Amino acid sequence: MFGYNPIDTTKSWTDDLPKCKHTGVGFTGNNFTCSQFPKKITDRFFNCEIQDNICLYVIFSGHNGSEVADLSMQHMPAEIIFDQLRGKNTDEEVREVLKQSFISVEKSYQNSIDNLLAQKACFQCNIAEHQGNEAESLSKLTELEQRLNVGASIALCLTFKNKLFICNVGTCRVLLCKIDENKAPRVIQFSVDHNLSNSDEALRLEHLGLNANHLRSTPIFETRAIGCYQGKGGFKDSQYLKGAKSEPILSQPEIVGGIMIDNSSQFLILMSSGACKILNQIYCGDTAQENREIIKMCSKEFECQSSLTEVAQSVVEKLVNLYHQKYPGRFVDDVSIILRNFQMPKRAVHINSDVEDIPLSERSTYTTGSNYSNDKMTNNIPTPDE
């Protein structure tokens with residue numbers, strides 16, 4: 001399928017599923033200020049209400065192409081919404097369903113590239129044995145390697161029995177806005193940025209024999225992703241990764257939950273890789289400030305807009321405008337957000353006070369969530385006490 005029978009993304013089977021009425025989605029495709037040289041849109045997103053109080057929200061951010069995001073969009077919801085949650089009563093059982101959905105999608109990707117790998121081996125053989133047109137074989141091999149480097153970051157949230165379960169792989173982000181006993185806003189990041197800015201991920205690569213500092217100047221997008229064969233089975237053919245002792249790019253997600261959804265829970269935001277990249281560049285890599293500012297931006301739009309869709313779309317547009325004000329004429333990746341409202345009223349009072357970011361080290365009222373990564377150095381993500 002991969003690269004040979006492309007999915008028609010103009011219509012998906014998920015389009016007919018009932019949408020969550022408490023959700024708004026905002027999106028803008030990649031662009032220049034003057035709309036020069038548009039690129040293919042690679043973000044995909046999905047939300048549905050499986051049944052009462054059971055909802056699924058997912059953002060798929062493709063990199064180097066949309067094929068893996070498309071494949072994930074077609075397969076992942078099917079691994080969760082068709083009775084897989086029936087009879088599941090414990091957090092561990094729910095987390096296992098989510099874990100298996102990521103495993104299944106990665107397997108589907110691996111199966112989909114068999115033809116590409118066969119062609120790659122054929123061209124490598126021709127080049128090694130000086131058969132045929134060597135220049136043409138090199139050109140075809142380069143094209144195949146680019147197609148095998150397509151991947152996707154994923155952020156997934158499930159509401160189930162009044163609890164929230166969160167998974168992510170790559171550089172999408174999930175934030176929860178809560179209020180404390182004094183009605184002061186707090187922002188909690190329940191996802192992990194799987195990139196070289198994450199010291200644990202950098203250390204993991206160092207233990208594999210790679211120099212993380214050197215990798216920062218290379219086109220390595222994420223340290224975890226769905227797809228991205230060139231960083232997995234094909235890493236020995238990568239000039240940047242071939243020194244690793246084992247596969248450097250992982251597909252195992254971080255999984256946390258269940259997090260109780262109570263009266264302090266205001267709203268949830270899922271952000272695509274492009275949205276996170278824009279925030280990172282506007283606020284110079286200060287993640288805490290990025291999270292505070294996007295929460296304040298959302299709260300202002302709750303005050304101004306009359307629907308969740310308008311809130312989400314306005315936040316996306318304001319984010320892109322801020323970026324263009326700071327970097328006029330620069331290219332902008334796809335920017336997508338899913339906004340799930342819990343308690344935030346429409347036309348809400350705008351949050352004028354500072355939003356507190358709760359750092360990992362100070363979340364004493366939280367307990368460690370389960371983590372299905374094979375990497376023992378991964379950050380522990382806290383989840384609220386039940």
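For clarity, every value in this text was computed on a predicted model and none was experimentally measured.

## Concerning the overall build of the chain
No. 1: Within the chain one finds nine helices and 14 strands.
No. 2: Looking at the chain as a whole, 55% of its 386 residues are labelled buried.
No. 3: For the chain, contacts bridging at least 24 residues in sequence account for 72% of all contacts bridging at least 6.
No. 4: Looking at the chain as shown, the accessible area adds up to about 17300 Å², and 48% of this sits on carbon and sulfur atoms.

## Looking at the packing of helix H1 (residues 67–75) against helix H2 (residues 91–112)
Pairs of packed helices are described in terms of their axes, by the angle between the two and the distance that separates them.
No. 1: Orientation of H1 relative to H2, taken along the N-to-C sense of each, is 130 degrees, at an axis distance of 10 Å. The angle between H1 and H2 places the two elements in the oblique class. With respect to the hand of their crossing, H1 and H2 are arranged in right-handed fashion. Contacts from Val68, Leu71, Ser72 and His75 in H1 reach Val105, Ser108, Tyr109 and Ser112 in H2.
No. 2: For the contact of H1 with H2, the class distribution of residues is four nonpolar, four polar and no charged.

## Structural notes on the packing of helix H3 (residues 114–128) against helix H4 (residues 134–147)
No. 1: It is the contact of H3 with H4, at a shortest axis distance of 9 Å, that shows an interaxial angle of 150 degrees. Classified by the angle between their axes, H3 and H4 sit roughly antiparallel to one another. In this structure, H3 meets H4 at a crossing whose hand is left-handed. Contact with H3, carried on its side by Leu116, Gln119, Lys120, Phe123, Gln124, Asn126 and Ile127, involves Glu134, Ser137, Leu138, Lys140, Leu141, Leu144, Glu145 and Arg147 of H4 and no other residues of that element.

## Looking at the packing of aromatic side chains
No. 1: Counted under the stated rule, the structure contains four aromatic pairs.
No. 2: Between the aromatic rings of Phe267 and Phe302, the centroid separation amounts to 5.3 Å while the plane-to-plane angle is 45 degrees, which identifies the pairing as tilted. Residue Phe267 is located in strand S10 (residues 265–271), and its partner Phe302 is located in helix H8 (residues 287–304); the two are separated by 35 residues in the primary sequence.
No. 3: On the basis of relative accessibility, which here comes to 0%, the residue Phe267 falls in the buried class.
No. 4: The exposure class of Phe302 is buried, given its relative accessible area of 2%.

## A look at the nonpolar core
No. 1: One finds Met76, Leu156 and Leu158 to be the most contacted residues of the largest nonpolar core, which totals 40 residues.
No. 2: Of all the secondary-structure elements, those providing two or more residues to this core are strand S2 (43–51), strand S3 (54–63), H1, H2, H3, H4, strand S4 (151–160) and strand S5 (163–169).
No. 3: Among the elements that make up this core, the one with the highest residue count is H2 (six residues).
No. 4: If we skip the residues at most four places from it in the chain, Leu156 touches Leu56, Tyr57, Val58, Met76, Ile80, Leu98, Phe102, Phe165, Ile166, Cys167 and Leu270.
No. 5: Of all hydrophobic cores here, the second largest spans 31 residues; its members include Ile278, Cys298, Leu308 and Tyr323.

## Some remarks on the confidence of the model for the chain
No. 1: Mean pLDDT for the chain: 86, with 84% of residues reaching 70 or above.
No. 2: Across residues 1–9, where pLDDT falls below 50, the model places 22 contacts with residues more than four positions away in sequence or in other chains.
No. 3: For the stretch residues 348–353, pLDDT sits under 50, and the model shows ten contacts to residues farther than four places along the chain or on other chains.

## Quick look at helix H5 (residues 199–207)
No. 1: All of the buried residues in H5 are Asp200, Glu201, Ala202, Arg204 and Leu205.
No. 2: In this structure, the buried residues of H5 make contact with helix H6 (212–215).
No. 3: If you check the start of H5, you find a side-chain oxygen 2.8 Å away from the backbone N of Asp200, and it comes from Asn198.
No. 4: Of the residues one or two after H5, Gly209 is the one with positive phi, at around 100 degrees.

## Regarding the side chain of Asn198
No. 1: Position of Asn198 relative to the elements: it lies in the loop between strand S7 (185–189) and H5.
No. 2: Its relative accessible area of 9% is what places Asn198 among the buried residues.
No. 3: One polar contact links the side chain of Asn198 to the main-chain carbonyl oxygen of Asp193, over a distance of 3.1 Å.

Calculation criteria
Residues numbered from 1 in each chain as written. Predicted model: local features only at pLDDT ≥ 70, side-chain atom pairs only at ≥ 80, totals over all residues. Heavy atoms only, no water. Helix = DSSP H or I, 4+ residues; strand = E, 2+ residues; numbered from the N terminus. Buried < 20%, exposed > 50% of the residue type's maximum accessible area, 1.4 Å probe, protein only. Contact = heavy atoms within 4.5 Å. Areas by Shrake-Rupley, 256 points an atom, 1.4 Å probe, with all protein chains shown as cover. Axes fitted to C-alpha atoms, helices over the stretch in contact; angles between N-to-C directions. Parallel < 35°, antiparallel > 145°, perpendicular 65-115°, else oblique. Left-handed = near helix turned anticlockwise from the far one by under 90°. Nonpolar A, V, L, I, M, F, W, Y, C, P; charged D, E, K, R; others polar. Phe/Tyr/Trp six-rings, centres within 6.5 Å; stacked < 30°, edge-to-face > 60°. Core = buried A, V, L, I, M, F, W, Y, C linked by side-chain atoms within 4.5 Å. pLDDT = per-residue confidence, 0-100. Polar contact = N/O pair within 3.5 Å; in protein donor to acceptor, adjacent residues only side chain to side chain.

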